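# Topology and contacts: notes
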Number of protein chains: 2
Amino acid sequence: MFNVLKGTHDVILDEARQYSYVEELLTKVASLYNYKEFRTPIIESSDLFLRSVGEGSDIVRKEMYTFYDKGDRLITLRPEMTAGTIRSMVNNKLFANQDFPIKAFYVGPNFRYERPQQGRYRQFNQFGIECCGVNSPYRDAEVISLGYNALKMLGFSNLKLKINYLGDEESRSKYRDALRDYFGNKIDEMCDDCKERFNKNVLRILDCKVPHDIEIVKDAPRIRDYLSENSKKYFSSILEFLDRIGVEYELDDNLVRGLDYYTGVVFEYHYVSNLGKNYGALGGGGHYSNLINEIGGPNLEGVGLAFGIERLVSVMQDDNLFDDLKSNLDVYIMPLGEKVLESANSLANFLRLNGFSTDICLENKNMSQMFKKAERRNASFAVIIGEDELNNDCIILKNLHTKEQIQVNNEDLLDKLDELFDEEEHHHHEEN
Amino acid sequence: MFNVLKGTHDVILDEARQYSYVEELLTKVASLYNYKEFRTPIIESSDLFLRSVGEGSDIVRKEMYTFYDKGDRLITLRPEMTAGTIRSMVNNKLFANQDFPIKAFYVGPNFRYERPQQGRYRQFNQFGIECCGVNSPYRDAEVISLGYNALKMLGFSNLKLKINYLGDEESRSKYRDALRDYFGNKIDEMCDDCKERFNKNVLRILDCKVPHDIEIVKDAPRIRDYLSENSKKYFSSILEFLDRIGVEYELDDNLVRGLDYYTGVVFEYHYVSNLGKNYGALGGGGHYSNLINEIGGPNLEGVGLAFGIERLVSVMQDDNLFDDLKSNLDVYIMPLGEKVLESANSLANFLRLNGFSTDICLENKNMSQMFKKAERRNASFAVIIGEDELNNDCIILKNLHTKEQIQVNNEDLLDKLDELFDEEEHHHHEEN
């Protein structure tokens, strides 16, 4: 017996349908905003992530799947998809044609060797977007609104956007100095991660989850007091637009996000269910000023966001947001005896080619067993074929919800099914 | 500048749409046959593939991406998806409930360290199905017909199914003896791969592509002369059903496929374009008697098939089967001046929430530049907003195909767009 690797998991049957439902809806919303899909490789040169994600980040320091391939290249299973997406824009010369923004969405698996815990997997799926080549508060707001609207459409009603502004280079530089001053005589009593962050990216200390450090962070200088006039104006344009389109937000001075490359606005979508359960962050993103350039592109800016699909699905499961998503089957064919098998199979083929999802019992079961199989497959109709029906070019059609059954000539079957499904549809609408 | 790894490639923009179109159609056909999605991890214990794919196969011998993770586990990037799919059926106890067949489909990336060549990638996507827990010529035929119908729906018109039957254990054992007798005094002059195959899986010699070896293979004993009565009957049931549903096939004695685990029927779909170009095999599959058991499941049989997505897309590109697939945009919003930006953005948000794919120019371009941007985005309508329109609660709506433009009050815009898109749709149908 073989097992899945620790920290990985199978997603099968109805749960796979939940995953594809979430991915399809996110993809559809991205298309409404005119984002196009980018599918970049899962394996990349390790350099790409060292440079872009940041050597000081936890991801690069502890969590990457990195190894030598048979050609002695140091390769990494991507831990996130922003770096590869921007690399592909550079390699495919999309910055050359000067038609901005370049709007990319992506969806697919990522890999981080994290300590396995509830809802955290070593292989996990992300959906995200990158809007590249522009620097405009309206583009930032557009990206934020895309994520917000997508979550609303998935059924998350009480969303709270947490938002912060890390400022332009000038503001950030002054703020970093202030943080170093503040933490300078306190860093010795803080955690090892913070000690490292103090040197590599002092902003990340604000993100620390250690209770003792949180107390120290509480009185740290706040970025908003260090923003330049330009930064203040830019940030308030974003907020005004969010007000205008009805996105509720909350300023959060300590929000910095886990990646080193964010510069301007950063944000997270937090969710509290109708029952009052606080699920925390469902995803987030931010603005980056230097990343495109660091990956070999021109000196242009961008903004992006990402959602963890595992996270969305698990919250939606827990909060019963998948209620209406039931896999079903249009027709289940029940052949009575060997002699009718070939006709029954041909009928299955015919119905499938005409757009009806169809399954058939070929395992020589009795009627009652076959009805159980139809029920487990959540079939709407049963088609029963015995020798009598075979000889008379007809079948028995049974509605598995109402239990009504009628005899239908083979040549009338398609029309009859169309008619019955229209009625079911109509009935379904009236019920809702 | 960072580059993709040798043998990998970016799939972006319109080409990504071609990939998702192919994957969505295959997924839809699988659903018509009542197959359910299985998403298994990309990383698995290496053992799984050593056992299932076969230690004698080229894949395991030369092509696997295998490495130790940080926990010293020997892991492999999956080279194919049948093994993982069946492993997931075993681990998730799907064989325990005795409701057969278990019908799985999968779609996703696989990894093989192959010599890069035209159309062959080290990371490549496969779609496939597995029908597990049954042994019936009709199930085999159902799987074959699924692949055949899916390819037809993708637009492949001249399909030729190549089919062979490797026989039950008894037939295959006799046939292997006959092959060893035949090749015994010829193997010294054959290629190194054949020498290895002679010991590990003599059937695979029939698959050799070396011209000198092909000559020798020509006169080798044929499996059809070694089939038991049961095997003959089973195979002819498959063929009869294929005849009945109009699948054209061709018997091919040398077809064995590249995986060691096939036992009964094996098949490939070959395609010759209307222009007479022979594209060779688009995909294929076969029946397996021992694989489920070897992966830790009960002693039950299965049948499956797989398509390479890269292969399908590249043939469809070459044969112009994507003609109708053009990405487009419903509305492109052109704001004239800073003052209208916020209203224009709100309008974009409003249209998106109402299901119209919408983009907006925020980059301060002049009219002619904005019309070029709209054209590059293949937009159907432009919405123009200047200060006059802002003050009068209206916009200018321009049909970018007919060049007609009208003034529309904000409150009437949705109705007007619905009406115009209905007309476009109608017009489009009349043209075709």
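Each value, and the rule that gives it
Positions within a chain are numbered from 1, following the residues in the order the chain's sequence is written. Think of it this way: whatever chain is written first is A, whatever ligand is written first is 1, and the rest follow in order. Reporting of local features is limited, given that this is a predicted model, to residues whose pLDDT is at least 70; pairs of side-chain atoms are given and counted only at 80 or more, and all residues count toward the totals for whole chains, interfaces and linings. Only hydrogens and water are set aside; all other atoms, that is, all heavy atoms of the structure, feed into the side-chain values. A contact between two residues is defined here by any heavy atoms of the two lying within 4.5 Å. Buried surface area refers to the total accessible area, computed with a probe of radius 1.4 Å, that the two partners give up upon joining, counted for both partners together. The term salt bridge refers to a side-chain nitrogen of Lys or Arg lying within 4 Å of a carboxyl oxygen of Asp or Glu. Think of it this way: a Phe, Tyr or Trp ring, Trp meaning its six-membered ring, pairs with another when their centres are within 6.5 Å, and the plane angle makes it stacked under 30 degrees, edge-to-face over 60, tilted otherwise. Think of it in three bands: residues with accessible area under 20% of the maximum for their type are buried, residues over 50% are exposed, and the middle band is partly exposed, with areas taken using a 1.4 Å probe on protein chains only. The rule is short: NZ of Lys or CZ of Arg within 6 Å of the ring centre and within 35 degrees of the ring normal puts a charge over the ring. Segments assigned H or I by DSSP are reported as helices when at least four residues long, segments assigned E as strands when at least two residues long, and all are numbered from the N terminus. To estimate the expected span of a helix, subtract one from its residue number and multiply by 1.5 Å. Here, two cysteine sulfur atoms that lie within 2.5 Å of each other are counted as a disulfide. In this analysis, strands are considered paired if DSSP registers two or more bridges between them. All axes here are fitted lines through C-alpha atoms, helices being fitted over the stretch that makes contact, and every angle between N-to-C directions spans 0 to 180 degrees. An angle counts as roughly parallel when it lies under 35 degrees, as roughly antiparallel when it exceeds 145, as roughly perpendicular when it falls between 65 and 115, and as oblique in every other case. By convention the crossing between two helices is left-handed if the near helix lies anticlockwise of the far one by an angle smaller than a right angle, and right-handed if it lies clockwise. Side-chain classes follow a simple rule in which Ala, Val, Leu, Ile, Met, Phe, Trp, Tyr, Cys and Pro form the nonpolar group, Asp, Glu, Lys and Arg form the charged group, and the remainder, Gly included, forms the polar group.

## Comments concerning the interface of chain B and chain A
If you look at the interface, chain B gives 97 residues, while chain A gives 97 residues. Roughly 8500 Å² is buried in total at the junction of chain B and chain A, and carbon and sulfur atoms are behind 54% of that figure. On the chain B side of the interface with chain A, the three residues burying the most area are B:F2, B:L5 and B:R39, jointly 10% of the side's total. For the interface between chain B and chain A, the tally reads 20 salt bridges.

## Considering the packing of aromatic side chains
Overall, the coordinates contain 37 aromatic pairs over all chains when judged by the stated rule. Seen from their ring centres, B:F95 and B:F100 are 6.2 Å apart, and the 45° between their planes marks the pair as tilted. In this structure B:F95 comes out as buried when scored by relative accessible area, which is 6%. Through pairs of rings, three or more aromatic residues link up here, namely A:Y65, A:F111 and A:Y113. Its guanidinium or amino end placed over the ring of A:Y113, A:R122 lies 3.8 Å from that ring's centre, counting from NZ or CZ. B:K186 extends its terminal NZ or CZ atom over the ring of B:Y182, reaching a point 3.9 Å from the ring centre.

## Structural notes on helix α9 (residues 229-244) of chain B
Residues and elements named next belong to chain B. The terminal C-alpha atoms of α9, which comprises 16 residues, lie 22 Å apart, in line with the 22 Å expected from a rise of 1.5 Å per residue. Listing the buried residues of α9 in full gives S231, Y234, F235, S237, I238, L239, F241 and L242. Where α9 ends, the next residue or the one after it, G246, has phi of about 75°, a positive value.

## Quick notes on the state of the cysteines
Residues and elements named next belong to chain B. The tally for this structure, following the rule as stated, stands at zero disulfides over all chains. Cysteine C131 remains unbridged, with the sulfur of C132 as its closest cysteine sulfur at 7.0 Å. Here C191 stays unpaired: no disulfide links it, and the sulfur of C194, its closest cysteine neighbor, is 3.7 Å away.

## Things to note about the pairing of strand β10 (residues 265-272) of chain B
Residues and elements named next belong to chain B. Within β10, seven of the eight residues are buried, leaving the element largely enclosed by the surrounding structure. Relative to β10, strand β8 (residues 159-165) runs antiparallel, the two being bridged by seven bridges. Residue I163 lies in a different strand from β10, and its bridge partner there is F267. Of the pairings in the sheet, the one linking β10 to strand β11 (residues 278-288) comprises seven bridges and is antiparallel in character. Paired with V272 across the bridge in β11 is N278. The hairpin formed by β10 and β11 contains five residues between the paired strands, and G276 there has a positive phi angle of roughly 90°.

## Looking at helix α1 (residues 13-32) of chain B
Look at α1(B): 29 Å from first C-alpha to last across 20 residues, which is about the 28 Å you get at 1.5 Å a residue. Within two residues after α1(B), B:N34 carries a phi angle of roughly 65°, on the positive side.

## Comments concerning the sheet that holds strand β5 (residues 74-77) of chain B
Residue and element names in this part refer to chain B. The antiparallel open sheet is built from three strands, whose spatial order is β3-β5-β4. Both outer strands of the open sheet, β3 (43-45) and β4 (65-68), are each paired with one neighbouring strand and no more. Averaged over all neighbouring strand pairs, the angle between strand axes comes to 35°, with direction disregarded.

## Let's talk about the packing of helix α12 (residues 341-353) of chain A against helix α5 (residues 137-154) of chain B
Describing two packed helices takes the angle between their axes plus the distance from one axis to the other. The interhelical angle for the contact between α12(A) and α5(B), taken along N-to-C directions, is 25°, at an axis separation of 11 Å. With respect to α5(B), the axis of α12(A) lies roughly parallel. You can see that α12(A) and α5(B) cross each other, and the crossing is right-handed. Two secondary-structure elements touch here, α12(A) through A:L341, A:E342, A:N345, A:N349, A:R352 and A:L353 and α5(B) through B:Y138, B:E142, B:S145, B:N149 and B:M153. Of the residues assigned to the contact of α12(A) with α5(B), the class counts are four nonpolar, four polar and three charged.

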